[in-house]
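Observations on the three-dimensional arrangement
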Amino acid sequence: MLRVLALASVVLLGIAPEGSQAISIYTGWERHALVGSDIRLSCSFFSWRFVSDDVSFSWSYRPDGSRESIAIAHYAGGEPYTDNKGPFKDRVEFVGNPKNRDGSILLKNLDLNDNGTFTCDAKNPPDIVGRPSSVRLLVFEQLPIQAGVITGAIIGVVLGLLVLIVVIYYLMRFLVARRVFSLSVSKHGKKKKEGSQQRQGPAPPADPSKVKAAASEKKKLESRKDKK
Amino acid sequence: MLLILLGVLVFHLIVLILLIVSTASSTWTVATGVHTDLWYNCKSDDQGYHCLNASNEDWIQAVQALMILSVIFCFTSLIAFLYQLFRLVKGGRFYFTSIFQLFASVFVMCAAIIYTVMRPESDKQYGYAYVLAWVAFPLSLISGLVYLVLRKKD
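Quick look at the structure, then. Keep in mind that what you see is a predicted model, and the values were worked out from it rather than measured.

Topic: the overall build of chain A
A tally of helices and strands in chain A yields 3 helices and 11 strands. The order of α-helices and β-strands along chain A, N terminus first, is α-β-β-β-β-β-β-β-β-β-β-β-α-α. Here chain A holds 228 residues, and the buried ones make up 26% of them. Taking as baseline every contact in chain A between residues at least 6 positions apart, the subset at least 24 positions apart corresponds to 62%.

Shown next, in the form of structure tokens:
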């Protein structure tokens with residue numbers, strides 16, 4: 001039953017009316033990387049149609065400060081094509097899975113000159129109307145520390161230690177008080193047993209008073225510690 | 001006795017205000033028309049008054065954290081003082097208040113030392129917030145020691 005439903009929904013999605021929705025392309029917003037490292041730029045799309053056999057991905061690169069872009073990677077007809085003449089010669093590799101709507105590329109051995117904007121354009125015929133999406137790449141020699149990270153870490157650790165110490169202190173107080181209470185109760189319990197073996201008369205009325213004495217001892221202990 | 005308690009409370013409030021002003025005001029270093037650290041680098045020239053976020057270096061973040069912690073601990077010590085004022089047994093000492101105030105003093109000292117040592121060499125002068133931090137350190141130390149010695153007599 002579930003299978004029939006799933007199949008029906010997929011078929012319905014496949015015959016969605018033409019021209020009602022456009023293809024939506026998603027990339028990251030900004031990526032940071034270190035000089036010499038590799039980075040994977042992801043690109044995926046959403047389309048109301050099945051992934052066709054003619055799906056194509058097109059990556060282009062515009063350096064910072066330049067107004068022209070140059071193509072660096074292309075996937076079409078089931079085959080990936082990468083830069084063999086331009087700034088990313090032999091440094092870019094197509095690592096996406098087009099059947100899964102993934103058109104990611106891998107840039108290797110980054111350099112400070114690679115700062116710029118990378119644009120991904122995906123087409124899923126007949127769904128070709130869409131806005132290409134761009135991701136900005138920033139290459140650093142050293143990754144800068146973000147504002148407030150160390151501040152927050154120091155404050156968090158100190159306050160956490162404080163809370164921990166307070167909790168442990170109250171726990172110790174509670175445990176010690178409970179042990180003293182149970183010791184005194186067991187002592188009075190033993191005396192009560194001995195008393196009942198010798199004579200069985202006045203044992204019960206003595207009990208609540210002894211329990212009360214133990215309770216007041218515990219209270220005295222707590223109030224003594226309250227002085228601090 | 002009431003007079004002593006009032007005086008101690010006023011002293012504590014003065015220390016708290018000094019710490020808050022020193023932490024919040026971005027004037028640890030000043031020059032003509034410029035004041036920087038801990039939070040903003042501000043410049044006023046004929047185009048107006050512009051502020052940028054202060055640099056994200058690790059030592060500035062450490063100074064920020066220590067100043068914030070000192071304010072928190074001083075405030076907590078004030079709350080503890082008011083609490084212990086009403087709940088302490090006669091003849092008891094204000095231990096919690098004293099401990100928190102001494103911690104606040106230690107944190108201000110660390111923050112001021114780190115700032116003094118790590119500040120890059122320049123011809124800029126130290127601003128009033130820096131001076132207030134150094135003033136707050138001995139005052140909070142004295143306040144903490146006073147609480148250690150004070151005994152509740154009411």
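From this point, the discussion proceeds with the structure in view.
Let's talk about helix α4 (residues 128-149) of chain B
Count 3.6 residues to each turn of an α-helix, and residues three or four apart come out pointing the same way. All names here are of chain B. With 22 residues, α4 ought to run about 32 Å at 1.5 Å a step, and its terminal C-alpha atoms sit 32 Å apart, in line with that. Looking only at α4, the buried set comprises Ala129, Tyr130, Leu132, Ala133, Ala136, Phe137, Ser140, Ser143, Gly144 and Tyr147. Among the structural elements, α1 (2-24), α2 (58-87), α3 (95-118) and β5 (125-126) are those in contact with the buried residues of α4.

So, a nonpolar patch on the surface
All names here are of chain A. On the surface, Val157, Leu161, Leu164, Ile168 and Met172 cluster together into a nonpolar patch covering about 480 Å² of accessible area. By secondary structure assignment, the location of methionine 172 is in helix α2 (residues 149-198). Among the residues examined, methionine 172 registers a relative accessible area of 47% and is labelled partly exposed.

Concerning the state of the cysteines
Residues and elements named next belong to chain B. In the structure shown here, the tally under the stated rule is 2 disulfides over all chains. Residue pairing for cysteine 42: its cysteine sulfur links by disulfide to cysteine 51, the two sulfurs lying 1.8 Å apart. A torsion of 105° about the S-S bond marks the disulfide between cysteine 42 and cysteine 51 as right-handed. For cysteine 51, a relative accessible area of 39% translates into the label partly exposed.

Some points on the interface of chain A and chain B
Contacts between chain A and chain B engage 17 residues on the former and 19 residues on the latter. Counting each side, the surface lost to burial between chain A and chain B is near 1,500 Å², with a carbon and sulfur contribution of 73%. Applying the counting criterion to the chain A and chain B interface returns 0 salt bridges. Along the contact surface separating chain A from chain B lie 5 residue pairs in polar contact (both at pLDDT 80 or more). Taken together, the elements giving at least two residues each to the side of chain A that touches chain B come down to α2 and α3 (203-226) of chain A. It is α2(A) that provides the largest number of residues to the side of chain A that touches chain B, a total of 9 residues.

A closer look at the sheet that holds strand β3 (residues 39-41) of chain A
Residue and element names in this part refer to chain A. The 3 strands are arranged β3-β9-β8 in an open sheet whose pairing can be described as antiparallel. Looking at strand neighbours, the two that pair on one side only are β3 and β8 (92-94), the edges of this open sheet. Put simply, the sheet's adjacent strands are angled 25° from each other on average, direction ignored. Sheet topology places β3 next to strand β9 (residues 105-107); 3 bridges connect them, and they run antiparallel. By the bridge assignment for β9, arginine 40 is matched with leucine 106.

Concerning the pattern of salt bridges
All names here are of chain A. In this structure the tally under the stated criterion is 6 salt bridges over all chains. The closest approach of N and O atoms between arginine 40 and aspartate 102, which form a salt bridge, is 3.0 Å. Residue arginine 40 is found in strand β3, and its partner aspartate 102 is found in the loop between β8 and β9; the two are separated by 62 residues along the sequence. Judged by its relative accessible area of 42%, arginine 40 is partly exposed. Of the charged contacts in the structure, one is a salt bridge between lysine 108 and glutamate 93, with a shortest N-O distance of 2.8 Å. In this pair, lysine 108 sits in the loop between β9 and β10 (116-123) while glutamate 93 sits in strand β8, placing the two residues 15 residues apart along the sequence.

Focus on the packing of aromatic side chains
A complete count under the given rule lists 22 aromatic pairs over all chains for this structure. Aromatic side chains A:Tyr169 and A:Tyr170 sit 5.4 Å apart centroid to centroid with 70° between the ring planes, which places their arrangement in the edge-to-face category. Looking at A:Tyr169, the relative accessible area reads 28%, which means it is partly exposed. With relative accessibility at 42%, the residue A:Tyr170 sits in the partly exposed group. Both rings, one in B:Phe73 and one in B:Phe100, keep their centres 5.6 Å apart while their planes meet at 55°; by these two values the pair is tilted.

Calculation rules
- Residues numbered from 1 in each chain as written.
- Chains lettered and ligands numbered in written order.
- Predicted model: local features only at pLDDT ≥ 70, side-chain atom pairs only at ≥ 80, totals over all residues.
- Heavy atoms only, no water.
- Helix = DSSP H or I, 4+ residues; strand = E, 2+ residues; numbered from the N terminus.
- Buried < 20%, exposed > 50% of the residue type's maximum accessible area, 1.4 Å probe, protein only.
- Contact = heavy atoms within 4.5 Å.
- Expected span 1.5 Å × (residues − 1).
- Patch = residues over 30% accessible without salt bridge, like charges linked within 9 Å, V, L, I, M, F, W, Y side chains within 5 Å.
- Areas by Shrake-Rupley, 256 points an atom, 1.4 Å probe, with all protein chains shown as cover.
- Salt bridge = Lys/Arg side-chain N within 4 Å of Asp/Glu carboxyl O.
- Disulfide = S-S within 2.5 Å.
- Buried area = accessible area lost by both parts, 1.4 Å probe.
- Polar contact = N/O pair within 3.5 Å; in protein donor to acceptor, adjacent residues only side chain to side chain.
- Pairing = 2+ DSSP bridges.
- Axes fitted to C-alpha atoms, helices over the stretch in contact; angles between N-to-C directions.
- Phe/Tyr/Trp six-rings, centres within 6.5 Å; stacked < 30°, edge-to-face > 60°.

Spatial relationships are all this shows, so hold off on functional conclusions.
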